[in-house]
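Given next are the chains, with one letter for each unit.
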Amino acid sequence: MKSGFIAVVGRANAGKSTLVNVLVGEKVAIVSPKPQTTRDRILGVLTTKDYQIAFIDTPGIYRADNLLNSVMQKTTADSIQDVDAVLFVMDAHEGISDNDRALLKKYASQNIPTILALTKIDIMPESLLISEMKELGKEGVSIVPVSARKGKNIKELLKVLVDILPEGDKLFEQDIVSDRSEKFMISEIMREKILLKFDKEIPHGIAIIINKFALMEGGRTYEVNLDIVCEKPNHKAILIGKGGKAIKEVSSFARADMEKFLGKKVFLTTYVKVKDDWRNSRSLIKELGYSEEF
């Protein structure tokens, strides 16, 4: 049997989390069209009779403009320590930038087997894909073009990844698909719906605090009580909306996904609170659970 850890890295909004979800076969990370969706290192585990792969989904790589972003970039850098391989994810339809080349060279030069997944090939011309593969092939890494949304070449990518893994025993029990708790996923589902509903800066300046997550009497319904933390009073007004319409709508979407994830009914209560400029506060970043150390 083969087993190992594979760090999934790449620029923000390259499609890393979507690809990890498809590879694992279950939703272990939230996704949205916005960059900075992934804030934490999340483990997704794929187990078959022949191999077990622990994918480490990481925050996207970009220029840090606040303390939280710096913490996220450190998380990504730390995630490639002691892994068996790196899966570098690049958004193929946007073309190859100098930053893409520099990042690929960086990971390929660290004596860790590196595989390049060119994503979103379902929305790009084949001629562009061919030219990009020729250009990137000069870096000496294996390249697999994929479409996570369409499920294209996923089996081929898995085969390439399995081939470079070492022989070894299972790293996790058979039924483990993530190292994250149900409580963590509930908070992420809430954040995902806010990312999808609201535009511009507001989603990036919010965090979720779960105050209560417990089965109610009878065991058929979860009680979820949470705070949505934002940075400015006007953000709070937008999140709540006129007559509470916005918060009711986003909470309804979130509750439906929570119920699907948990397989039970959810009684959801949400509050919106302001913590000024929390993304630049060491104490608040720690309080909100995004860093154990700096």
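Attention in this report is confined to the structure presented alongside it.

Scoring rules and cut-offs
Residues numbered from 1 in each chain as written. Predicted model: local features only at pLDDT ≥ 70, side-chain atom pairs only at ≥ 80, totals over all residues. Heavy atoms only, no water. Helix = DSSP H or I, 4+ residues; strand = E, 2+ residues; numbered from the N terminus. Buried < 20%, exposed > 50% of the residue type's maximum accessible area, 1.4 Å probe, protein only. Contact = heavy atoms within 4.5 Å. Salt bridge = Lys/Arg side-chain N within 4 Å of Asp/Glu carboxyl O. Pairing = 2+ DSSP bridges. Lys, Arg positive; Asp, Glu negative; His and termini not counted. Polar contact = N/O pair within 3.5 Å; in protein donor to acceptor, adjacent residues only side chain to side chain. Axes fitted to C-alpha atoms, helices over the stretch in contact; angles between N-to-C directions. Core = buried A, V, L, I, M, F, W, Y, C linked by side-chain atoms within 4.5 Å.

1. Considerations on the overall build of the protein
Then step 1. When its secondary structure is counted, the protein shows 9 helices and 9 strands.
Then step 2. Projected onto its principal axes, the C-alpha coordinates of the protein cover approximately 55 × 40 × 40 Å.
Then step 3. A buried classification covers 50% of the 294 residues belonging to the protein.
Then step 4. A fraction of 71% describes how many contacts in the protein between residues 6 or more apart in sequence connect residues 24 or more apart.

2. Description of the pattern of salt bridges
Then step 1. Under the criterion given, the structure shown has 17 salt bridges.
Then step 2. Across the pair R101 and E135 runs a salt bridge, and its minimum N-O distance is 3.6 Å. With R101 in helix 3 (residues 98–108) and E135 in helix 4 (residues 126–136), this residue pair connects regions lying 34 residues apart in the sequence.
Then step 3. The partly exposed category is assigned to R101, whose relative accessible area is 24%.
Then step 4. For E135, a relative accessible area of 29% puts it in the partly exposed group.
Then step 5. Here K197 and E249 are joined by a salt bridge, their closest N and O atoms 2.5 Å apart. Taken together, the residues span a long stretch of sequence, with K197 in helix 6 (residues 182–197) and E249 in helix 8 (residues 245–262) at a distance of 52 residues.
Then step 6. For K197, a relative accessible area of 29% puts it in the partly exposed group.
Then step 7. The partly exposed category is assigned to E249, whose relative accessible area is 32%.
Then step 8. A cluster of three or more residues bridged by salt bridges with shared partners is formed by K27, E192, K193 and D257.

3. Considering unusual backbone geometry
Then step 1. The phi angle at N153 is positive, at roughly 65°, despite the residue not being glycine.
Then step 2. Structurally, N153 can be placed in the loop between strand 6 (142–145) and helix 5 (154–164).
Then step 3. Of note in the backbone geometry, D277 takes a positive phi value of approximately 50° without being a glycine.
Then step 4. Along the polypeptide, D277 turns up in the loop between strand 9 (265–274) and helix 9 (282–287).
Then step 5. A relative accessible area of 42% places D277 in the partly exposed class.

4. Some words on the pairing of strand 1 (residues 2–10)
Then step 1. Most of strand 1 sits out of view: 8 of its 9 residues are buried.
Then step 2. Sheet topology note: the strand 1/strand 3 (residues 51–57) ladder contains 7 bridges and is parallel. Each residue of the ladder has a partner; that of S3, found in strand 3, is Q52.
Then step 3. Looking at chain direction, strand 1 and strand 4 (residues 85–91) are connected through 5 bridges and run parallel. If you follow A7 over to strand 4, its bridge partner there is V86.

5. Focus: the side chain of K16
Then step 1. Mapped onto the elements, K16 comes out in helix 1 (residues 16–24).
Then step 2. No salt bridge is formed by the buried K16; the nearest opposite charge belongs to D57, separated by 5.7 Å.
Then step 3. Within the structure, K16 has its side chain in polar contact with the backbone oxygen of R11 (distance 3.2 Å).

6. Things to note about the sheet that holds strand 5 (residues 114–119)
Then step 1. Taken in spatial order, the 6 strands make up an open sheet running 2-3-1-4-5-6, and their pairing is mixed. Two strands in the sheet have a free side with no partner beyond their single neighbour: strand 2 (42–47) and strand 6. Ignoring which end each strand starts from, the neighbouring axes of this sheet average 25° apart.
Then step 2. In the sheet, strand 5 pairs with strand 6 via 4 bridges, with the strands oriented parallel. Counterpart to L118 in the pairing with strand 6 is P145.
Then step 3. Against the sheet, helix 3 makes contact with strand 1, strand 4 and strand 5, and its axis sits at roughly 175° relative to strand 4, the strand it touches most.

7. Structural notes on the environment of K265
Then step 1. The residue K265 is located in strand 9 in this model.
Then step 2. The exposure class assigned to K265 is exposed, which follows from its relative accessible area of 54%.
Then step 3. Along the chain, K265 and L215 lie 50 residues apart, while their C-alpha atoms are 9.7 Å from each other.
Then step 4. Once you skip the residues sitting within four places of it in the chain, K265 turns out to touch R220, T221, Y222 and E259.

8. Section: the nonpolar core
Then step 1. By size, the foremost hydrophobic cluster in this structure holds 26 residues, and its most contacted members are L19, F55, L87 and L157.
Then step 2. At the level of secondary structure, the elements contributing two or more residues to this core comprise strand 1, helix 1, strand 3, strand 4, strand 5 and helix 5.
Then step 3. At 5 residues, the largest contribution of residues to this core is made by helix 5.
Then step 4. Contact partners of F55, with chain neighbours within four places excluded, come to I6, V8, V20, L23, V24, I42, L43, G44, L46, L158 and L161.

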